[in-house]
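Observations on chain architecture
One letter stands for each residue in the lines below.
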Amino acid sequence: MTVAKKAPSPDLIDQLMAGYQKPEDLLGEHGLLKQITKAFVERALQAEMESHLGHAKHDAVTNPTGNARNGKSTKTLKGEFGELPIEIPRDRDGSFEPQLIPKHQTRWSGFDDKILSLYARGMTVREIQGHLEEMYGTEVSPSLISSVTDAVIDEVKAWQVRPLDALYPIVYMDCIHVKVRDSGAVRAKAVYLALGINLSGEKELLGIWIAQTEGAKFWLQVVTELKNRGVADIFIACVDGLKGFPEAIEAVYPKTAVQLCIVHMVRYSLNYVGWKLRKEVAADLRTIYTAATADEAEKRLNEFDEKWGKDYAAIVNSWRNNWARIIPFFDYPPEIRKVIYTTNAIESVNMSLRKITKNRGSFPNDDALLKLFYLALNNISKKWTMPIRDWKAALNQFTIQFDNRMR
C-alpha cells in the first residue's frame, strides 16, 4: 500500500520564501529552488550512507567490518538547474554505491533525453550546445553530446534486426537521398525505407538501410532481409517507378501484387507539360486512374493518346510501358484503392526527414545519419496513434480477396 506524502506546511513554505521579490530569487543561478534541490539530494545521500553502514552519523560503529564514514567528494551535475555541485559521502572501504546519483553519473536523469530530443529535431551539435547553455546556463561539450547520441547506435542495430509480423497487407517502399562524407568526399547516399501497414491498420516502419545509390539490386537485398526477419507474405507492395524494382520484390514474394504509385505516374507525366495545359492534361489523366475497371481505363488511355499522343508521346509511352504495374489497382474495390493508389503514406515520412536534414550540409558518416533518422522516426511514429482511414472496410475486402492467405 502506497502512503501519500504529506505536503509541506504553509508555515514552512512562508519561511523558505521569506525575502522573495523576483523570479530569479526562486529560479535563478543562486535561487531557492536550486539550493533546496542540493540540500535534499545531499540529505538523501546521507540517508543512503546511513542505511549502508547501519548507523547514523556520529553514532557508534555497529557493522561487523568496522566500516565507517570517510569524508566526502564533490561532483558537478548538469541539468535543468544548470550546474549543481553535490557533496557525495564516502566510506572507508569504498563499498558505498549511491543509488540516487550512481558513480560516474554527471547529468541529471532526463538530461540525456533532452539532448536526444534536440538531436532528433535536426539540431547540430553546435546548436544543441547553444540551446542548453541559453536555457539552463550549463556548458555541454561536443564530446558529451556525441557520446549521448552514439549510445543510440546499439539500440538502432537491435531495432533493425527485430522480428517482424508474418503478414503485412500493404508495404510502401521508397528512397530519399542525403549527403554523407565517405572516404574524404561528400556523396549523395540513398536511404531506403519500408513502411508496413499491419493487420490492425497501423503504420510500422520496418527498417532503414543506407547504400551508395538507389537500385533494384539493393531493393532485392532489402526485401530478402524482410523475409528473413519473419515477413512471410505481403498482399500489395506500393512503389515508385524505379526500373527493376517490381521484379526485385516478386523474386522474394512471388504472390505479392506490385502497384506503381499513381501519383508518381501523374507527376512524371506533367513534367512534360507547360503550365497553360497542365490542368487540362491532368484532368484527362484522371479519367484513366478513376475508371471503374481496367478495360475502361485502357479505353480512357486510348482516348488520351488520340488527343495528346502527338504532342506528348513520352507521357503515353510511360503509361503503356508501365501498364502491367498500374492495372493491379483496378482489381480491388474502392476501400482498398484508397490506400494503395499513392505512396503518400511513406512520402509524408520522407518529407519530415527532409525538414530535419535541410540545415545540414552533410553527415560525417553513415552512423550519424542512421542515429538521426532513427530518433526522428521515433518522434514521427508517436503521431501514428490511429489506424489509417477506412481501414476496417479495406480489411474486410482483404479478407474476401485473400482469404486463404490471411494469418
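This section reports on the structure supplied with the text. Predicted, not measured: the structure shown is a model, and the values here were computed from it.

Here is what the cut-offs are and how they apply
- Residues numbered from 1 in each chain as written.
- Predicted model: local features only at pLDDT ≥ 70, side-chain atom pairs only at ≥ 80, totals over all residues.
- Heavy atoms only, no water.
- Pairing = 2+ DSSP bridges.
- Helix = DSSP H or I, 4+ residues; strand = E, 2+ residues; numbered from the N terminus.
- Axes fitted to C-alpha atoms, helices over the stretch in contact; angles between N-to-C directions.
- Parallel < 35°, antiparallel > 145°, perpendicular 65-115°, else oblique.
- Contact = heavy atoms within 4.5 Å.
- Nonpolar A, V, L, I, M, F, W, Y, C, P; charged D, E, K, R; others polar.
- Salt bridge = Lys/Arg side-chain N within 4 Å of Asp/Glu carboxyl O.
- Core = buried A, V, L, I, M, F, W, Y, C linked by side-chain atoms within 4.5 Å.
- Buried < 20%, exposed > 50% of the residue type's maximum accessible area, 1.4 Å probe, protein only.
- Phe/Tyr/Trp six-rings, centres within 6.5 Å; stacked < 30°, edge-to-face > 60°.
- Lys NZ or Arg CZ within 6 Å of the ring centre and 35° of its normal.
- Arc of directions from axis to C-beta.

1. Concerning the pairing of strand S4 (residues 185-197)
Relative to S4, strand S3 (residues 167-182) runs antiparallel, the two being bridged by 13 bridges. Bridge pairing in S4 places Tyr172 opposite Leu195. Here 8 bridges tie S4 to strand S5 (residues 203-211), and the two strands are oriented antiparallel to one another. Paired with Tyr192 across the bridge in S5 is Trp209. Between S4 and the antiparallel strand that follows it, S5, lie 5 residues; Gly201 among them carries a positive phi value of about 80°.

2. Description of the packing of helix H7 (residues 152-160) against helix H17 (residues 366-381)
At a closest axis distance of 10 Å, the pairing of H7 and H17 adopts a crossing angle of 75°. In terms of orientation, H7 lies roughly perpendicular with respect to H17. Along the contact surface, H7 presents Val152, Ile153, Glu155, Val156 and Trp159, while H17 presents Asp367, Leu370, Lys371, Tyr374, Leu375 and Asn378. Of the residues in the contact of H7 with H17, the class split is 7 nonpolar, 1 polar and 3 charged.

3. Considerations on the pattern of salt bridges
This structure, assessed with the given rule, holds 15 salt bridges. Among the ionic pairs, Asp233 bridges to Arg405, the shortest N-O distance being 2.8 Å. In this pair, Asp233 sits in strand S6 (residues 233-239) while Arg405 sits in the segment after helix H18 (391-401), placing the two residues 172 residues apart along the sequence. When salt bridges with common partners are traced through the structure, they connect Asp182, Arg187, Lys189 and Asp366 into a single cluster.

4. Observations concerning the nonpolar core
If you look at the biggest cluster of nonpolar residues, it comprises 100 residues, and the most contacted ones within it are Met173, Trp319 and Leu353. Setting aside anything within four residues of it in sequence, one finds Trp319 in contact with Met265, Val266, Ser269, Leu285, Ile288, Tyr289, Leu301 and Ile326. Grouped together as the second largest cluster of nonpolar side chains are 5 residues, Leu45, Leu77, Leu84 and Ile88 included.

5. Quick notes on the pairing of strand S7 (residues 257-260)
Because side chains alternate across S7, one face comprises the buried residues Ala257 and Gln259, and the other comprises Val258 and Leu260, equally buried. The sheet contact formed by S6 and S7 spans 4 bridges and is parallel. From the neighbouring strand, Ile236 faces S7, where its bridge partner is Ala257.

6. Side note on the packing of aromatic side chains
Scanning all chains against the criterion turns up 13 aromatic pairs. When the ring of Tyr192 is compared with that of Trp219, the centres are 4.7 Å apart and the planes differ by 75°; the resulting orientation is edge-to-face. Remark: Trp219 occurs in helix H8 (residues 216-228) and Tyr192 occurs in strand S4; sequence separation between them is 27 residues. Taking relative accessible area as the criterion, Trp219 reaches 0% and is therefore assigned buried. In this structure, Arg278 is placed above the aromatic ring of Trp275, and the distance from its NZ or CZ to the ring centre is 4.4 Å. The ring centre of Phe329 lies 5.2 Å from the NZ or CZ of Arg337, which sits over that ring.

7. Notes on the sheet that holds S5
With mixed pairing, the 5 strands of this open sheet are ordered in space as S5-S4-S3-S6-S7. Each end of this open sheet is capped by a strand with a single partner; those strands are S5 and S7. Pairs of neighbouring strands in the sheet enclose a mean axial angle of 25°, with direction left out of account.

8. Side note on H18
Among the residues of H18, those classed as buried are Trp391, Ala394 and Phe398. Each buried residue of H18 lies within a common arc of 60° when the element is viewed along its axis, so the set occupies one face. Residues of H18 that are exposed and angled more than 90 degrees away from the buried face: Lys392, Asn396 and Ile400.

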